[in-house]
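This is what each chain is made of:
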Amino acid sequence: MMGFKKINAHEMPGNPFEMIEKQAALLTAGTPEKFNTMTIGWGTMGDLWNKPAFTAYVRPSRYTYRFTEENECFTVAFFGSPRPKALGVLGSKSGRDMDKMHQSGLIPVFVDGYPMFEEAQTVLVCKKMYEEDLKAEKIPQEYREQFYQNGDYHRVYTGEIIGVYVKE
């Protein structure tokens, strides 16, 4: 892939807390013919079953949910600081209602058939290995009140990180 090099997941640069909390990221799923993306502010990185893994949280009400459900893999693209303004458009508008990809100004590219963005600094390609819906009764009351007033509980996707691409 021009402009990116593939590295081992254990060599990934950056602090995952900084990457997820401060930079935010885009979760993207689909095919070159049809894909969708959304801004995410929650996620975890670590090892699961002796594999490098990323866990993402997607609400069923999000348009990207359908693409994540229908495809074996998803990507997570980090953009560094400062956070691009495009992430605001991609996090607040729905691909159901508009062509947010063109409006965002980001340039989608594909590596091995997986969607990512030319402007990204680091991209994880994740193959789904586990998924489950969050259960209301398992979430502390304070978080249910803060994040789930309308009952739209996330589906949790854990993907094995099968590729890490960094900007050259």
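The model shown is predicted, which means the values in this text are computed figures rather than measured ones. (Residues numbered from 1 in each chain as written. Predicted model: local features only at pLDDT ≥ 70, side-chain atom pairs only at ≥ 80, totals over all residues. Heavy atoms only, no water.)

This next bit is on the packing of aromatic side chains. One pass over the full model with this rule turns up nine aromatic pairs. Arranged with centres 6.4 Å apart and planes meeting at 80°, the rings of Trp42 and Tyr57 form a pair that is edge-to-face. Of the two residues, Trp42 sits in the loop between strand S3 (35–40) and strand S4 (44–48) while Tyr57 sits in strand S5 (residues 51–58), which places them 15 residues apart along the sequence. Look at Trp42 and you get partly exposed, because its relative accessible area is 35%. Aromatic rings pair up to connect Trp42, Tyr57, Tyr143 and Phe147 into one cluster. (Phe/Tyr/Trp six-rings, centres within 6.5 Å; stacked < 30°, edge-to-face > 60°. Helix = DSSP H or I, 4+ residues; strand = E, 2+ residues; numbered from the N terminus. Buried < 20%, exposed > 50% of the residue type's maximum accessible area, 1.4 Å probe, protein only.)

Our next topic: the side chain of Asp152. For Asp152, the location among the structural elements is in the loop between helix H5 (141–147) and strand S10 (155–167). Summary of buried charges: Asp152 has no salt-bridge partner, and the nearest side chain of opposite charge, Arg59, is 4.5 Å away. Ignoring anything within four residues of it in the chain, the contact list for Asp152 reads Arg59, Pro60 and Ser61. (Lys, Arg positive; Asp, Glu negative; His and termini not counted. Salt bridge = Lys/Arg side-chain N within 4 Å of Asp/Glu carboxyl O. Contact = heavy atoms within 4.5 Å.)

A general tendency of soluble globular proteins is for nonpolar side chains to be buried together. Within the largest apolar cluster, 24 residues are counted, with the highest numbers of intra-cluster contacts made by Phe54, Phe74, Val76, Phe78 and Leu124. Of all the secondary-structure elements, those providing two or more residues to this core are helix H1 (16–23), strand S2 (25–30), S3, S5, helix H2 (63–70), strand S6 (73–78), strand S9 (122–133) and S10. When residues of this core are assigned to their parent elements, the largest contribution, four residues, is made by S10. Not counting the four nearest positions on each side in its chain, Val76 is found in contact with Ala25, Leu26, Ile40, Phe54, Thr122, Val123 and Leu124. (Core = buried A, V, L, I, M, F, W, Y, C linked by side-chain atoms within 4.5 Å.)

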